[in-house]
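Read off the chains here:
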Amino acid sequence: MDLGPLNICEEMTILHGGFLLAEQLFRPKALAELTKSDWEHVGRPIVEALREISSTACSQPFAWKKKALIIIWAKVLQPYPVTPSDTETRWQEDVFFSVGNMIPTINHTVLFELLKSLEASGLFIQLLMALPTTICRAELEHFLEHMMIDTSSKDVAFFLDVWWEMMKHKGNQQDPLLSQFRTMAHKYLSSTDEFSHPPKRFKSDPDVCPTMPLLAMLLTGLKQIQNRILCPGMKCCALANLADMLTVFALMEDDPQEVSATVYLDKLATVISVWNSDTQNPYHQQALAEKVKEAERDVSLSSLAKLPSETIFVGFEFLRSLLREWGEELQTMLNSSQGTNYDSYRLCDSLTSFSQNLKLYLNTTGLSKEERQVVSELAECVEDFLRKTNRVLKNKGFEQDITASIAMAIIEQKMDRHMEMCYIFASEKKWAFSDEWLACLVNNQALFREPDLVLKLLETVIEVSTTDRAIPEPQLKQVINLILECYADLSLPDKNKVLSGVLLSWGRKGLSEKLLAYLEGFQEDLNTTFNQLAQSASEQGLAKAVASVARLVILHPEMTVKKMCSMAVVNLGTHKFLAQILTAFPALRFTEEQGPDPSITFMVSCLKDTVWTKFSTPKEEKQFLELLGYLVRPVKPQGIPVAALLEPDEVLKEFVLPFLMLDVEEVDLSLKIFIQTLEANACLEEYWLQTCSPFPLIFSLCQLLDCFSKYWQLPKEKRCLSLDGKDLVIHILELLCETVLANAKTFSPDTWIKSLSWLHRKLEQLDWTVGLRLKNFFEGHFKCEVPATLFEICKLSEDEWTSQAHPGYGPGTGLLAWMECCYISSSISERMLSLLVVDVGNPEEVRLFSKGFLVALVQVMPWCSPQEWQYLYQLTRRLLEKQLLHVPYSLEYIQFVPLLNLKPFAQELQLSVLFLRAFQFLCSQSCRNWLPMEGWSHVVKLLCGSLTNLLESVRYSVMFCTSWPCSTKRCVNHSTFWPWKSSPATKR
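Residues numbered from 1 in each chain as written. Predicted model: local features only at pLDDT ≥ 70, side-chain atom pairs only at ≥ 80, totals over all residues. Heavy atoms only, no water.

Looking at an unreviewed UniProt entry, one finds the chain named Gem nuclear organelle associated protein 4, with Equus caballus as its source organism.

Topic: the overall build of the chain
Along the chain, the regular secondary structure elements total 47 helices and two strands. Buried positions account for 51% of the 988 residues belonging to the chain. Summing over all exposed atoms, the chain offers an accessible surface of approximately 46,800 Å²; the carbon and sulfur share of this is 51%. (Helix = DSSP H or I, 4+ residues; strand = E, 2+ residues; numbered from the N terminus. Buried < 20%, exposed > 50% of the residue type's maximum accessible area, 1.4 Å probe, protein only. Areas by Shrake-Rupley, 256 points an atom, 1.4 Å probe, with all protein chains shown as cover.)

Let's talk about the nonpolar core
Side chains of nonpolar character tend, in soluble globular proteins, to be buried together. Counting residues in each nonpolar core, the largest one holds 221 residues, and the members touching the most others are Ile581, Phe585, Leu607, Phe624, Phe777, Trp818 and Phe853. Leu127, Leu131, Leu251 and Leu301 belong to the second-largest nonpolar core, a separate cluster that totals 116 residues. (Core = buried A, V, L, I, M, F, W, Y, C linked by side-chain atoms within 4.5 Å.)

Overview of the packing of helix H35 (residues 694-708) against helix H37 (residues 749-763)
Between H35 and H37, the least distance of the axes is 10 Å, while the angle of their chain directions is 20°. Between H35 and H37, the crossing angle belongs to the class labelled roughly parallel. Of the two possible hands of crossing, H35 and H37 adopt the one that is right-handed. Facing Phe695, Pro696, Ile698, Phe699 and Cys702 of H35, the residues of H37 in contact are Trp752, Ser755, Leu756, Trp758, Leu759, Lys762 and Leu763. (Axes fitted to C-alpha atoms, helices over the stretch in contact; angles between N-to-C directions. Parallel < 35°, antiparallel > 145°, perpendicular 65-115°, else oblique. Left-handed = near helix turned anticlockwise from the far one by under 90°. Contact = heavy atoms within 4.5 Å.)

Some words on the pattern of salt bridges
Evaluation of the coordinates by the stated rule reveals 46 salt bridges. Among the ionic pairs, lysine 497 bridges to aspartate 494, the shortest N-O distance being 3.8 Å. Of the two residues, lysine 497 and aspartate 494 are both situated in helix H25 (residues 492-506); the distance of three residues between them amounts to about one turn of the helix. Lysine 608 is paired through a salt bridge with glutamate 654; the nearest N and O atoms lie 2.9 Å apart. Residue lysine 608 is found in helix H31 (residues 602-610), and its partner glutamate 654 is found in helix H33 (residues 648-655); the two are separated by 46 residues along the sequence. Classification of lysine 608 as partly exposed rests on a relative accessible area of 25%. (Salt bridge = Lys/Arg side-chain N within 4 Å of Asp/Glu carboxyl O.)

Concerning the packing of helix H13 (residues 232-251) against helix H16 (residues 309-334)
The contact between H13 and H16 brings their axes to 10 Å, and the two run at 145°. When the axes of H13 and H16 are compared, the crossing they make is left-handed. From H13, Pro232, Lys235, Cys236, Ala238, Leu239, Leu242, Leu246, Ala250 and Leu251 reach across to H16, where they touch Ile312, Gly315, Phe316, Phe318, Leu319, Leu322, Leu323, Trp326, Glu329, Leu330 and Met333.

Remarks on the side chain of asparagine 444
Relative to the elements of secondary structure, asparagine 444 occurs in the loop between helix H22 (435-443) and helix H23 (451-465). The residues contacting asparagine 444, other than those within four sequence positions of it, are Ile411, Glu412 and Lys414.

Some details on the packing of aromatic side chains
Each pair of aromatic rings is reported with the distance of its centres and the angle of its planes. Enumeration according to the criterion identifies 40 aromatic pairs in this entry. With centroids separated by 5.1 Å and ring planes inclined at 50°, the aromatic side chains of phenylalanine 615 and phenylalanine 624 adopt a geometry described as tilted. There is no split in this pair, since phenylalanine 615 and phenylalanine 624 are both buried. Both rings, one in phenylalanine 777 and one in phenylalanine 778, keep their centres 6.0 Å apart while their planes meet at 75°; by these two values the pair is edge-to-face. In this pair, the class of phenylalanine 777 matches that of phenylalanine 778, namely buried. Three or more aromatic residues link up through ring pairs in this structure, and these residues are Trp73, Phe112, Phe124, Phe143, Phe158 and Phe181. (Phe/Tyr/Trp six-rings, centres within 6.5 Å; stacked < 30°, edge-to-face > 60°.)

Regarding the environment of phenylalanine 915
Its location among the elements puts phenylalanine 915 in helix H44 (residues 906-922). Owing to a relative accessible area of 3%, phenylalanine 915 belongs among the buried residues under this scheme. Between the C-alpha atom of phenylalanine 915 and that of leucine 854, which follows or precedes it by 61 residues, the distance is 9.1 Å. The contact partners of phenylalanine 915, leaving out residues within four places of it in the chain, are Trp869, Tyr873, Leu943, Ser946 and Leu947.

Side note on the environment of threonine 789
Among the structural elements, threonine 789 can be located in the loop between strand E1 (784-787) and strand E2 (801-804). The class for threonine 789 is buried, based on a relative accessible area of 6%. Through-space distance from the C-alpha of threonine 789 to that of glycine 814 is 4.4 Å; in sequence the pair is 25 residues apart. Discounting chain neighbours no more than four positions away, the residues touching threonine 789 are Tyr809, Gly810, Thr813 and Gly814.

Section: the side chain of serine 829
By the element assignment, serine 829 lies in helix H41 (residues 826-835). Serine 829 gets classed as buried once you look at its relative accessible area, which sits at 6%. Every residue in contact with serine 829, bar those within four places of it in the chain, is listed here: Cys822 and Leu875.

Digging into the state of the cysteines
Applying the stated rule across the entire model yields zero disulfides. Cysteine 236 provides the cysteine sulfur closest to cysteine 231, a residue in no disulfide bond, and the two sulfurs are 8.7 Å apart. In this structure cysteine 231 comes out as partly exposed when scored by relative accessible area, which is 34%. (Disulfide = S-S within 2.5 Å.)

Details of H37
Note that an α-helix has 3.6 residues per turn; residues three or four places apart therefore point the same way. End to end, H37 covers 21 Å across 15 residues, agreeing with the expected 21 Å (1.5 Å per residue, within 8%). Considered for burial, the residues of H37 that qualify are Trp752, Ser755, Leu756, Leu759, His760 and Leu763. Axial view of H37: buried residues confined to an arc of 135°, hence all on one face. The inward-facing, buried residues of H37 abut H35, helix H36 (724-742), helix H38 (768-772), helix H39 (775-778) and E1. (Expected span 1.5 Å × (residues − 1). Arc of directions from axis to C-beta.)

Brief notes about the confidence of the model for the chain
Predicted confidence across the chain gives a mean pLDDT of 86, with 87% of residues reaching 70 or more. Confidence drops under pLDDT 50 across residues 191-209; counting only partners more than four residues distant or on other chains, this segment forms 26 contacts. Overall, residues 962-988 carries pLDDT values under 50, and its contacts beyond four positions in sequence, including any with other chains, amount to 37 contacts. (pLDDT = per-residue confidence, 0-100.)

Thoughts on the environment of leucine 854
By secondary structure assignment, the location of leucine 854 is in helix H42 (residues 843-860). Leucine 854 sits in the buried class, given a relative accessible area of 17%. Here the alpha-carbon distance between leucine 854 and arginine 917, two residues 63 residues apart in the chain, equals 8.0 Å.

So, helix H28 (residues 542-555)
Given a rise of 1.5 Å per residue, 14 residues ought to cover 20 Å, and the 20 Å separating the end C-alpha atoms of H28 matches this to within 8%. The complete set of buried residues in H28 reads Leu542, Ala545, Val546, Val549, Ala550, Leu552, Val553, Ile554 and Leu555.

Some words on unusual backbone geometry
Proline 28 follows arginine 27 through a cis peptide bond whose omega is 10°. When you line up the elements, proline 28 lands in the loop between helix H1 (10-26) and helix H2 (39-42). Of note in the backbone geometry, serine 693 takes a positive phi value of approximately 55° without being a glycine. Position of serine 693 relative to the elements: it lies in the loop between helix H34 (667-680) and H35. Take serine 693: its relative accessible area is 38%, and that puts it in the partly exposed class. The backbone of glutamine 883 shows a phi angle near 60°, a positive value even though the residue is not glycine. Following the sequence through the fold, glutamine 883 ends up in the loop between helix H43 (866-881) and H44.

Structure, rendered in structure tokens:
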């Protein structure tokens, strides 16, 4: 309130004139000598002056009335008589000095009679409670003394109003005018000597005057004027005040729970309905907003403290005596037709609340025998009274359509609990689409920018629009657009809350299924938005892109997400940008209970429906693979919160596990997804693999590996993964086993043993080499099971190895089994080499081993992956180094390069000859129908790779061997070492 300084102005001139007229009427006496009986003759000019001020100050009439009353009360509080020194000091530091001097010296009678004439009980309490504690009590004491003198019915009515206002009062510490009033009152309380000293800045007491002693004083005052309360209306008011005071300041809990917004609104509606029907009530003619403000005060009594126990029991006994004295008269009045007014309603409502709280007080409070008897008698007395007057509350039903108007008035004026009213407003179907409802929504759109309110409004609009109620289409479109505007103004986390609610309520089709007829141009907006996104995919425009997609995704989540998934795969380079947009909406991670497949999330469903198994190029597969990675581990852009839409276990279950079969086209991509998921999430604190059933996952990989042991026997259409992919399967299996072993402690010991046993039993159905790959996994629990013939050529410990009869491994196949062990891993290869039993000193044994080695090598080569063949290549070198392998070679072409010393390349020559022999073996007539065309291509590829490695080895040796003369180095060329490439002997 900015009403200007406390100086002379037009309003003060009017007030000054009122007091001058009053002085003239009271001459020769001074106004300071005015008595109560004089007021009716003298006070009229002052009252009229105040009313004129209120009427001329059209913008803030109440505020000007308050300002005038503060000036008058300050004048009453000024010390009297005034010395010259006081005047000198006060004109400098007393803000009321100039305006106070315009008013003659007055007493409390003028103040209290003026307040009573203006019916300003609320202002009286507001100003009284602003005073310092000592002055506050003294002024109330003056008031009560004034009320006791020649008490009239107007005095009684004003006293009861003051009491009621004190119970409703809530401090307003932010009013600067009240603060000035409090400060100056405190100075007036000080001795006059202090004003002669240099002024000191006064720091006011922050505590308002405690209410409890004042209520006790008013209770005493009621007792003193009890015999002057004659009319039934005032008796109702007195009893209601006393019951409310005892309920709120004695019986209720220290921190009572607030009534629900619905109950609160019903109470307001009831009070206002009573006021509307009670023509004598002062609020009858007021505007609805003013009625609501006052009704809010009436139904929101609260207390921060309790009355003293003595005061409480004085009040209990007094209430009982009043009910006994007035009960019969009031019952007659309440049960007659004249009992339908606000006083009677308030009496019954207050006593009902008091009765309920009194029973609780009786049951929960420790009372003496005498106290318990007082409370019990009072409870019985109140119940008896209510039983005889119960028709009053029953007949006070409120007007049916007033509730909506009250709620909207609270929202419009932003009164107490207005946000709770917004929720009722948004939820109430009966109010929706009325002109008043629509106007309230338009005018208070900012209040509805909360996710829960947006959802409530959407639910209401959809329900109303789908019922039989005929809503004009333009009106419906207007409301939908208003709600979508509220949604657009929300923060991104709040938008996600709304999106989550939309998905839960209306599923993957969002609002479109119910409101499609009113969502004009959605498809066009969708296409335009994504065309723009495709053209400007950059982090700079990410926030704008997220905002654009937010509106589309709430209207039709499924269509929007599927469009984005398709674009992310098909449009080159957009997948990261689109993944960032998608991960900005964690609400998309939901499972639709009534959806096509309740077991999978909405995001997975969209990916499967739109792009999975529909790739046309390797580039699309690559973008899909990267898209999955971004959805599992989002890239965090600056300023936009993101969250994973896919969990790693979910990716494995949906895009990997069902496709781990050699005859499935997607097996290659699934394996790439598998390794990407394992490697990207290896650092996660939680052991996420546990939810994927890791042992069945290991077995699925083992089954896939087992298919490779029969690879070339399968028809071409059943071989959807090349032998190169076998290395990826092996790598994934090793990584998976390492991860599971590292987290073995997450299993109980019993579960771990049972799981290992289950896996071991399942592996018995597969090729024995598959189980050997899990040697470290089973270590300490199961022995390695190998063909019995392996024991014939190796010194295997029976503590670690055990023999099993395997079909196809008859006599003489030990070396084949040994070689199959060697291509599993480098560590097992070294172990097998150390366990090999071959007598190097026996040339015949070495020769026989060498022949058998060549045959075994030819037998396993076509089924080897590149990495397995590399293990065998290294094994062959180790055998040559240990002289366990005899590969004779001749130097028949030495005559063409007489200066070349080939002895340092003996191993390379032996390897080249060995590979030549293996190739010749494979090209023999006996092997003609052994492999399909793809098999021969694979064999050639492996041999070419080995020869390339061999050539690189020779080149390296030549370039870095310092023992050779330079002339010799210059003579070296590729054809020198390969008799089948360019030598005359080969050509022949």
